[in-house]
Structures are given as structure tokens and as C-alpha cells.
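# Coordinate inspection notes
In case you want the letters, here they are:
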Amino acid sequence: MEKKTLFDKVWDSHVVSSVPDGPQILYIDKHLIHEVTSPQAFAELEERNIPVFRKQKIVATADHNVPTKEQHLPIKDELSRNQVEQLTKNCEKNGIELYGLGHEYQGIVHVIAPELGVTLPGMTMVCGDSHTSTHGAFGTIAFGIGTSQVAQVFASQCLLLNKPKSLRVNVNGKLANGVSPKDVILYIISQIGTNAGTGYFCEYAGNVFREMSMEGRMTVCNMSIEMGARGGMIAPDEVTFEYIKGRKFAPKGEQFEQYVAHWKTLPTDDGAVFDKEYSFNAEDIKPMITYGTNPGMGIGVNQAIPSPENDPSFDKALEYMGFQKGEHLVGKPINYVFIGSCTNSRIEDFRAAANYIKGKQKAANVTALIVPGSQQVAKQIQEEGLTAIFESAGFEIRQSGCSACLAMNDDKIPSGEYCVSTSNRNFEGRQGQGARTLLASPVMAAATAVEGKIVDLTLTLN
Amino acid sequence: MEKFTLLQSKAVPLPIENVDTDQIIPARFLKATNKIGFGNNLFRDWRYNDKNEEIPNFVLNNSKYSGSILVAGDNFGCGSSREHAAWALTDYGFKVIVSSYFADIFKGNALNNGLLPIQVSPEFLKEMFQAIEDNSEVEITVDLETQTISFNDKTESFAIDSYKKICMLNGYDDIDFLVSKKAEIEQFEQNRTLSYEF
């Protein structure tokens, strides 16, 4: 029998038909939408007089462009308010479930779908957001799409796509103390680069991923797009099933068992062949930090910035960041810390940060922002007593949203300032015009806030 | 969508690698609910300083260069899925983007907006940059029918999915095609053993 990968199994079971010498029609099980990339798609449908085909397969929330303060009040910025109101109108008009501001399920789209049991293994899932790859942690084919494709899914619950090639990244061994899932994915991208995955769908395999929690797996899969891969998947296992069991929209009772039986058939067959494969040793991974303007420009925190020659793009990045070739980052003063985003705003991320912060104070020079990924996570922070830890350490806790990850709202880092951020992109101006982002794990961010500078976490934790 | 068959134009060089969609159109300009006017903010923070003054050494502010072809460094369009990036480029007047590599989502978005992404070899790209540097008036010819791009005496062929080629040549988009397959899609739904609906 043909040996299939996890990706093959899920993809092949969703192909409606193939266009001769062209793309395939892929059926989409769940469509997540938000305020920024959906309005033009709704307008397109309306202009062409096409109805939404399967409204029950759509879940909407407002996250990218919402304030993280005083969410009960009308949004001050007129354009933002208009965009969020437009989403509400579009959802009402088309009968789509919306978890808008003030709703107990509101939050970052890639945080709420897993926590509500919307994300399930073996499904296909899309959203007009490149970090849709997050949901691959469940063994789901999940990927970001453009607004034209949002309209296509509205109109037909399908997309026209060519099947991507397959890539496997193996990480085996024992991670050192203080090395988190964020460090693992930053390390992988630093090794293979920001376009190694372009044209591929990735599977992460090896004991390092098997031993991760679902939150950790989501952090890894979230950043698949940062190496160019449309999506990244991890085989579903008992950890996955245990996470899903009992969640709001997950199947229950006998139906749950029926689905679990199917999910157990999904892992890649022994002997299945990938188009491309990389393998890394867990022991080589250090707590990571980025020094440049793409997520591939990362180093172990105690390592020196590389010194390539004749690379104008590299030079441009360092000039923007204000760093020198060969320089070490440990000891660099940092005035801003952001813990949040669809990469690291789940309860485990805040537990890890609080565990480090407990009994300590943030440095006087630092503005430290805690932005929960969802209302549910915010509630957990409160219930688990983390609020007191953060607040007494001088951190500011906000309401849920994408916030300073992309700085569409007022949560911006001032020009020229450095921010150690748990988000996913360190592009020029990503966190505000002229802002300089250093990507890192929640514990690294917490340590930076406490010390007011970059610290060598390998020394602190060992 | 506009049809695309043949284009002869001068080109604008942007020899920077990993141009991400946050540079093409920064997030603060994504608050619109229509597709109009994004060209004004194309490459906003490379084009203008924080006082809204033109940054003279950025290529779009250099009157020496013009045309509807943008020639860019490797891995163009990486990052966010925002289709606003494609809208900004077309609204500004670009019809073709040439690079040695395109990010997946951007490439799809471009094709869905009649903006042709042409992937050329790194050597050909290097020669193109050189030719434009030597003579900013150099004419570049893009022929979608024969899938070739040429300048001076150099020609390279490029790949495009045959379905997408038909769409570009005729100005079709995917929605009509998918809606025409409704019966087939409904049949697929009925035949599934696990519907993922609860």
C-alpha cells in the first residue's frame, strides 16, 4: 500500500475534484474570519450577488484592530471603529457566529479556536491571516489566505490550490533547562532560513515535539510561515485528544470516540517519503533571540551576531537595528517588553513568565505589557493568581487582542526603541514606525523586563 | 480582473531581499473596508520619513526610474497574508513583479489581482539589475502567451500554472469557477463519513 504522510492523508480526503492539468478543489471544514481581511471579501460577494454558502462553518472574532484598554467603550479611532462595526454588520447580515468585543469568547483568532474546541485534528482550516498555521499543532491542515480566497471560501467552502510539496523537520534529544518551544522554532528558522519552506507544507517530528504540550506545539506551528511554509503540522496523539476532550465545540461522548478512532489513523506512515527533510539535535538549541529584521536572523542569546561579507540586505537590517557585526547582545539595555500575540499568549506562556517574575520587580527603565490572547486566558490569569504577580512586579495587564505584535491599534513601540517581544515578526516598523523588535520566548522577555537589559538566560537558569 | 497578455515597460529596481508585506503596506494602513487608494502608502516607511517628507534615496522617489515592472530581490512578499500588499502594488501602477523567489501567499494574492509574479533565475535577476543600473530606460518585454521575459538580447522563460495562465489571459477569477462547481461540492459533502459538524 502507498505510504502516506499526515499531510497527504488530510489533504487527499478533502479533494473534491482536480482540474485537468491544473489545481485541485479543496474542501474547507472551518473558516475563521476577523475584521481586517474580511470586509472586501464580503463586499465582493455582495457586488456579484453571491450568497455565503456554508455560514455554520465560519467563526468570526475582532482581534487585529481592537484596543486593549477599555474595550467596553466605543473604539476611539474612527477607522478602527468602522472596521470592527463592519464585521458586526457583515456577520449579522449573513448569520455568522461572531465573538466580538465584550463577548466571553473574544480573542486572537488563533487562540480562541483551539481553546473552544473548534480546531480539530484531520480538518482543513483557513483564515485571512498567515499565522493560521498555528492550528497545525492538532494535525490540522491550516493555512493563511488572501482576501480573494476569503471570498472564494464564502462562496463555495472551497479553494483552488496546487498540492504543496512535503517537508519534515526532525528534532530529537533532550532540551536544556530554560529552552522553550519558542526557542526551538526560532532555532529551526535561524538554521534553514526564511524561505526554506516556501512551496512546502511542513511536519514537525521527533521526541521534542511529542513531549511538548499543545500550547508549545501551537507556538512552533504558528511560526511555520516565518520559514515560508504555508503550514506546519504535528501528528495528533494522546496529548492532543486529552486537550480537546470536553471543550465547548468539540464532539462529545460516543461521537468523540468515533473521531478519536479516525484521528489515530492520521500520523505519517512508516516509510513515507518527504520531498525535503532536515534534522536537528535538541542539545544544540539555546535560549534564542533575534538581532535582525526577519525571523531567520536569530542566535543563541550568548552568541555573537554573524559577520557575513557582501550582503547588503544583512547590512541594511543591522543598520536598522543599530547593531554591529560580531557584537554580543547580552547587557544591551531594553526599555520595552511585550508578552502576547498568537505565538505566545496562552496560559502556559503567562505561567512561565510569572514563574520567573514571582517575587521580583521589573527594572525602572522598562515598560512591560502583558496581553492575554483571549478573554478566557485573561480569566485564567486572574483565577490562577498571576495577576497579583504581574502587577506587583510592575507589569501592565491589558485586554485581549493582537496588540503590539502588529501595532494596528495604539499599542506601539516608539521609534528607535528596542522591544523584546514574544511575537513572531521582527520586520522593520512591525511594532510601530522605527521600532526595533527582538523576538524571544516568554521567559526571556520576563527576564529582560526584570533586568532592564538582555540577560544570558543560560547562566540565570542553570 | 484585468486581462494580461503582453507588456513592454521600463522597470523599477528594488535590489533588497526578503521584502515583507509589512514594508509593502504597513499594518496601520489596513483599516480600510474597500480596496481603494492603497498605492499612496505603498512602501510608505521607505518612501516617506515620519514628517511625511520624501526620502530621496528610495527608488520610488527617484525620477530616473519609472514603469509598471518592479524588479525585486529574493523572497519577495514574505510575511503577512494581507492582500492589501497586492492592492497597493496594482493601485500604484505595477503590473508585473520580477524576483528570484516569491512567498506563497503573496504570489497567490498577486495572481488573484491580475498582478503577474515572474520568478526568474538568480543569474537572470542579477543581469536585469545590472541592465537597469546601466540604463534606466531599458525596455523589458513580458509575453504571457509564450511565458517569456526579455530585455536587450536576453530572454528567459518563466513558469505559470496553466489554469492561472488562462485566468490571467482572459481576466477570469476563481470565484465564478468555484461557484460553477456547486453540485460537485454538495455531492462531496454528502459522501463524507465524518462531516466535522456537531
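The coordinates are above.
A brief report on the enclosed structure follows.

What counts and what doesn't
- Residues numbered from 1 in each chain as written.
- Chains lettered and ligands numbered in written order.
- Predicted model: local features only at pLDDT ≥ 70, side-chain atom pairs only at ≥ 80, totals over all residues.
- Heavy atoms only, no water.
- Helix = DSSP H or I, 4+ residues; strand = E, 2+ residues; numbered from the N terminus.
- Buried < 20%, exposed > 50% of the residue type's maximum accessible area, 1.4 Å probe, protein only.
- Contact = heavy atoms within 4.5 Å.
- Areas by Shrake-Rupley, 256 points an atom, 1.4 Å probe, with all protein chains shown as cover.
- Lys, Arg positive; Asp, Glu negative; His and termini not counted.
- Charge placed at Lys NZ, Arg CZ, Asp CG, Glu CD.
- Salt bridge = Lys/Arg side-chain N within 4 Å of Asp/Glu carboxyl O.
- Axes fitted to C-alpha atoms, helices over the stretch in contact; angles between N-to-C directions.
- Parallel < 35°, antiparallel > 145°, perpendicular 65-115°, else oblique.
- Left-handed = near helix turned anticlockwise from the far one by under 90°.
- Core = buried A, V, L, I, M, F, W, Y, C linked by side-chain atoms within 4.5 Å.
- Pairing = 2+ DSSP bridges.
- Expected span 1.5 Å × (residues − 1).
- Right-handed = clockwise from strand over helix to strand, strands pointing away.
- Buried area = accessible area lost by both parts, 1.4 Å probe.
- Polar contact = N/O pair within 3.5 Å; in protein donor to acceptor, adjacent residues only side chain to side chain.
- Nonpolar A, V, L, I, M, F, W, Y, C, P; charged D, E, K, R; others polar.

### Some points on the overall build of chain B
- Helix and strand counts for chain B stand at eight helices and eight strands.
- Taken along the three principal axes of its C-alpha coordinates, chain B extends 60 × 45 × 25 Å.
- Counting across all 198 residues of chain B, residues that qualify as buried make up 58%.
- Taking all contacts inside chain B whose residues are at least 6 apart in sequence as the whole, residues at least 24 apart take part in 65%.
- Accessible surface, chain B as shown: approximately 8500 Å² in total, 45% of it carbon and sulfur.
- Of the side chains in chain B, 19 bear a positive and 30 a negative charge, and the two mean positions are spaced by 4 Å.

### Focus on the pattern of salt bridges
All names here are of chain A.
- According to the stated counting rule, one finds 31 salt bridges over all chains in the structure shown.
- The partner of K9 in a salt bridge is D269, and the shortest N-O contact between them spans 2.8 Å. Here D269 lies in the loop between α10 (253-263) and β12 (276-281) and K9 lies in helix α1 (residues 6-12), a separation of 260 residues in the sequence.
- The class for K9 is buried, based on a relative accessible area of 17%.
- Residue classification places D269 among the partly exposed residues on the basis of a relative accessible area of 24%.

### Some points on the packing of helix α2 (residues 39-48) of chain A against helix α3 (residues 78-94) of chain A
Residues and elements named next belong to chain A.
- Where α2 meets α3, the closest approach of the two axes is 10 Å, and the angle between their N-to-C directions is 40 degrees. Accordingly, the angle class assigned to the pair α2 and α3 is oblique. For the pair α2 and α3, the sense of crossing is left-handed. For the pair α2 and α3, contact is made by P39, F42 and E46 and by Q86, N90, K93 and N94, respectively.

### Description of the nonpolar core
- The biggest cluster of nonpolar side chains holds 111 residues, and the ones touching the most others in it are F43, F76, L89 and L116 of chain B.
- Excluding its chain neighbours within four sequence positions, the residues that come into contact with L89 of chain B are I24, L42, F43, L70, F76, F94, I97, F106 and L115 of chain B.

### Description of the sheet that holds strand β9 (residues 165-172) of chain A
All names here are of chain A.
- Within the open sheet, the four strands sit side by side as β11-β10-β9-β12. Their pairing is parallel. Two strands bound the open sheet, and with one partner strand each, they are β11 (231-233) and β12. Each neighbouring strand pair of the sheet contributes to a mean axis angle of 20 degrees, computed without reference to strand direction.
- Pairing between β9 and strand β10 (residues 200-205): six bridges, direction parallel. Counted as the bridge partner of L167 is C202 from β10.

### What to know about helix α6 (residues 181-192) of chain A
Residues and elements named next belong to chain A.
- Between its terminal C-alpha atoms α6 stretches 17 Å, which fits the 16 Å expected from twelve residues at 1.5 Å a residue.
- With respect to burial, α6 is a largely interior element, ten of its twelve residues being buried.
- Considered for burial, the residues of α6 that qualify are K182, D183, V184, I185, L186, Y187, I188, I189, S190 and I192.
- Positive phi appears at G193, one or two residues downstream of α6, with a value of about 95 degrees.

### Side note on the pairing of strand β4 (residues 58-61) of chain A
Residue and element names in this part refer to chain A.
- Both faces of β4 are covered, namely the face carrying I58 and A60 and the face carrying V59 and T61.
- As defined by bridge partners, strand β3 (residues 30-33) adjoins β4 across three bridges and the pair is classed as parallel. Bridge pairing in β4 links I33 to A60.
- Each parallel crossover has a hand, and for β3 linked through α2 to β4 it is right-handed.
- The pairing of β4 with strand β5 (residues 97-99) spans three bridges and is classified as parallel.

### Notes on the sheet that holds strand β8 (residues 158-161) of chain A
Residue and element names in this part refer to chain A.
- Strand order in the open sheet formed by three strands is β1-β2-β8, with antiparallel pairing between adjacent strands. A single partner strand is all that each edge strand has here, and the edge strands are β1 (15-18) and β8. Neighbour-to-neighbour, the strand axes of this sheet turn through a mean angle of 20 degrees, independent of strand direction.
- Bridge analysis of strand β2 (residues 24-27) against β8 gives four bridges, and the strand direction is antiparallel. When the sheet's bridge partners are listed, Y27 is paired in β8 with C158.

### Regarding the interface of chain A and chain B
- At the junction of the two partners, chain A supplies 76 residues and chain B supplies 58 residues.
- Between chain A and chain B, a total of about 5600 Å² is buried, with carbon and sulfur atoms accounting for 55% of that surface.
- Ranking the residues of chain A by area buried against chain B places Q40, Y259 and Q433 of chain A at the top, with a combined share of 11%.
- Here chain A and chain B share nine salt bridges between them.
- The salt bridge partner of E186 of chain B is R54 of chain A, with a shortest N-O separation of 4.0 Å.
- Counting every contact that joins chain A to chain B gives 37 residue pairs in polar contact (both at pLDDT 80 or more).
- Only β1, β2, α2, α3, α5 (147-156), β8, α10 and α11 (312-321) of chain A provide two or more residues apiece to the side of chain A that touches chain B.
- Here the side of chain A that touches chain B gets seven residues from one element, more than from any other, and that element is α5 of chain A.
- Considered class by class, the residues forming the side of chain A that touches chain B number 29 nonpolar, 34 polar and 13 charged.

### Remarks on the pairing of β1 of chain A
Residues and elements named next belong to chain A.
- For β1 and β2, the ladder comprises three bridges, and the chain directions are antiparallel. Along β2, the bridge assignment pairs S17 with I25.
- Linkage of β1 to β2, two consecutive antiparallel strands, is achieved through a turn of five residues, within which D21 is found at a positive phi near 55 degrees.

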